[in-house]
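Here are the chains, one letter per residue:
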Amino acid sequence: MPQRNSLFFISENKKTALLIQTKIMLARDTDEFVHCDFEGCFEDVKKLNPSVVLFDITEHEDEFFDFLNKLRQTPSVRHIPVIPVFKEIDEDVLCNAFEAGISDFLTMNSTDSEFTVRILIAMRKKQHEADFENKNNILSQLKILDKKTGIYAKNYTYTIIKAQSKKCTGSFAVIAPDVNTRNKLSPEHLASLIKNNIRISDFIGFSGDFKIYTWFPETEPENVLNILYKIKKLLPAECKISAGVAKTNEIDFDRTEEAANKALSRALLKENAFVIAREKDELKEQFRKNPDEYKNFKIFRQDFFKKLEKIVSPIFFRTQKIIEEKLFQTEITHEISEDGCFFILKNDSCNSTFRLTCPGYTRVNIDIAHFCEHEEYKDKISMNIDEVTPEKISALLDDFIKTFQHL
């Protein structure tokens with residue numbers, strides 16, 4: 001029986017099968033043409049794994065889409081090229097078939113050369129896809145790609161997207177489930193959905209804290225919003241997502257990342273929203289000053305409280321919403337006052353405080369304290385104001401919560 005270089009034509013009409021067979025100039029003696037009926041065709045294809053499948057689609061659209069859906073959901077055969085053959089082109093059916101994953105299409109009156117060349121191109125594409133999958137498997141083994149979703153792993157996403165963003169302009173999006181959705185929508189499920197609805201030339205990876213980074217080369221932010229709205233429609237009604245989008249133009253990627261994360265924070269506060277980082281807001285906002293540039297404590301304090309309002313407060317709010325479902329019998333509070341800001345965890349055995357203050361106009365202090373029955377654990381971290389970033393505060397707060405859980 002044919003194994004590697006067989007060509008399947010699925011049709012209930014033997015005369016049509018004979019006509020198609022005469023149109024195909026097989027390249028080698030090992031190539032073989034096989035005619036299958038609609039009934040049982042998927043099992044035949046699954047068993048024999050042909051190189052290409054042609055499908056007589058006219059007046060059999062339901063059978064075709066049922067077959068194609070089964071094929072694309074079966075790992076062992078999902079890369080087999082499928083080419084529908086029309087008597088006359090039906091544009092609606094063709095568009096739906098394209099969305100479902102066809103490799104090409106033909107008509108009964110296509111020339112012999114056209115049949116042969118398109119089939120050979122489909123075979124070549126299958127070989128490329130097999131090579132691509134093999135390389136992805138290697139990257140997964142090296143933990144550069146996430147095994148479940150095939151997107152970049154958290155430890156590599158930033159480095160890869162930053163390197164790619166230097167090659168051309170584009171748009172960068174940070175996407176995350178809304179706080180109240182995170183127990184219903186896993187990052188893996190969201191990542192797979194995004195991956196299936198962006199171009200192969202786009203980049204996607206995990207970034208921790210439920211966030212997914214996406215990079216769209218040569219794409220305007222408004223076009224990214226169109227993609228996001230499409231993804232939103234594919235989600236279950238009870239699942240909501242938000243995103244921050246920033247365009248890279250004459251700024252470096254670190255500032256783009258910061259702008260997109262700030263826009264995401266605003267979007268999460270609105271809930272179920274997409275926010276584009278406007279240049280006048282995020283991109284030109286100057287927090288990053290050296291200590292010597294501050295002429296007095298008042299100016300430093302103004303920048304410090306801007307950081308609390310735009311960065312720290314949204315992180316505290318989101319974190320509280322997330323951990324309320326995980327930390328039972330724990331009182332969780334946070335606040336911003338003239339003395340700084342506080343995140344407090346308290347239960348019967350432990351009272352823990354995460355506190356940001358600015359005692360002078362050169363440094364920002366983070367004081368961490370855990371008072372647990374007869375023991376105390378304290379730590380102090382001092383940093384420049386430019387180091388107070390969403391990533392830094394989120395990481396420190398996560399460590400603070402983990403320590404509280406294990407005390």
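The preceding data block contains the structure.
Quick summary incoming for the structure in this document. (Residues numbered from 1 in each chain as written. Predicted model: local features only at pLDDT ≥ 70, side-chain atom pairs only at ≥ 80, totals over all residues. Heavy atoms only, no water.)

### Details of the pairing of strand 11 (residues 331-337)
At step 1: Here strand 11 runs beside strand 12 (residues 340-346); their pairing, made up of seven bridges, is antiparallel. Pairing of S337 across the sheet is with G340, part of strand 12.
At step 2: The loop that links strand 11 with its antiparallel partner strand 12 comprises two residues. (Pairing = 2+ DSSP bridges. Helix = DSSP H or I, 4+ residues; strand = E, 2+ residues; numbered from the N terminus.)

### Side note on the state of the cysteines
At step 1: A full pass over the atoms with the stated rule returns one disulfide.
At step 2: For C350, the disulfide goes to C372, at an S-S distance of 2.2 Å. Pair noted here: C350 is in strand 13 (residues 350-357) and C372 is in strand 14 (residues 364-372), with a separation of 22 residues, a long-range link. For the pair C350 and C372, one class covers both residues: buried.
At step 3: The thiol of C41 is not disulfide-bonded; the next cysteine sulfur, from C36, is found 7.2 Å away. (Disulfide = S-S within 2.5 Å. Buried < 20%, exposed > 50% of the residue type's maximum accessible area, 1.4 Å probe, protein only.)

### Considerations on helix 12 (residues 390-406)
At step 1: Between the first and last C-alpha of helix 12 there are 24 Å, a value that for 17 residues agrees with the 24 Å anticipated at 1.5 Å per step.
At step 2: What helix 12 keeps buried is the set P390, I393, S394, L396, L397, F400, I401 and F404. (Expected span 1.5 Å × (residues − 1).)

### Considering the sheet that holds strand 6 (residues 170-177)
At step 1: With mixed pairing, the five strands of this open sheet are ordered in space as 7-8-6-9-10. Single-partner strands in this sheet number two, and they are strand 7 (203-208) and strand 10 (274-276). Direction aside, the axes of adjacent strands within the sheet are offset by 20° on average.
At step 2: Note: strand 6 against strand 8 (residues 211-217), six bridges, orientation antiparallel. Counted as the bridge partner of F172 is W215 from strand 8.
At step 3: Packing against the sheet, helix 6 (residues 154-165) makes contact with strand 6, strand 7 and strand 8, and its axis sits at approximately 135° to strand 7. (Axes fitted to C-alpha atoms, helices over the stretch in contact; angles between N-to-C directions. Contact = heavy atoms within 4.5 Å.)

### Re the environment of D252
At step 1: In this fold, D252 is placed in the loop between strand 9 (241-248) and helix 9 (253-270).
At step 2: The class for D252 is partly exposed, based on a relative accessible area of 45%.
At step 3: With 90 residues separating them along the chain, D252 and K162 place their C-alpha atoms 8.8 Å apart.

### What to know about the sheet that holds strand 2 (residues 32-36)
At step 1: Strand order in this open sheet of five strands is 2-1-3-4-5, and the pairing throughout is parallel. Single-partner strands in this sheet number two, and they are strand 2 and strand 5 (106-107).
At step 2: Summarising the sheet, strand 4 (residues 82-86) and strand 5 pair through two bridges and their orientation is parallel. Paired with V85 across the strands is L106, a residue of strand 5.
At step 3: Where helix 1 (residues 14-23) meets the sheet, its contacts fall on strand 1 (6-10), strand 2, strand 3 (52-56) and strand 4, and the angle it forms with strand 2 comes to roughly 160°.
At step 4: Along the sheet, helix 3 (residues 61-72) makes contact with strand 1, strand 3 and strand 4, crossing strand 4 at roughly 175°.

### Quick notes on a negative patch on the surface
At step 1: The grouping of E12, D37, E39, E59, D62 and E63 at the surface amounts to a negative patch.
At step 2: Relative to the helices and strands, E39 resides in the loop between strand 2 and helix 2 (41-48). (Patch = residues over 30% accessible without salt bridge, like charges linked within 9 Å, V, L, I, M, F, W, Y side chains within 5 Å. Areas by Shrake-Rupley, 256 points an atom, 1.4 Å probe, with all protein chains shown as cover. Salt bridge = Lys/Arg side-chain N within 4 Å of Asp/Glu carboxyl O. Lys, Arg positive; Asp, Glu negative; His and termini not counted. Charge placed at Lys NZ, Arg CZ, Asp CG, Glu CD.)

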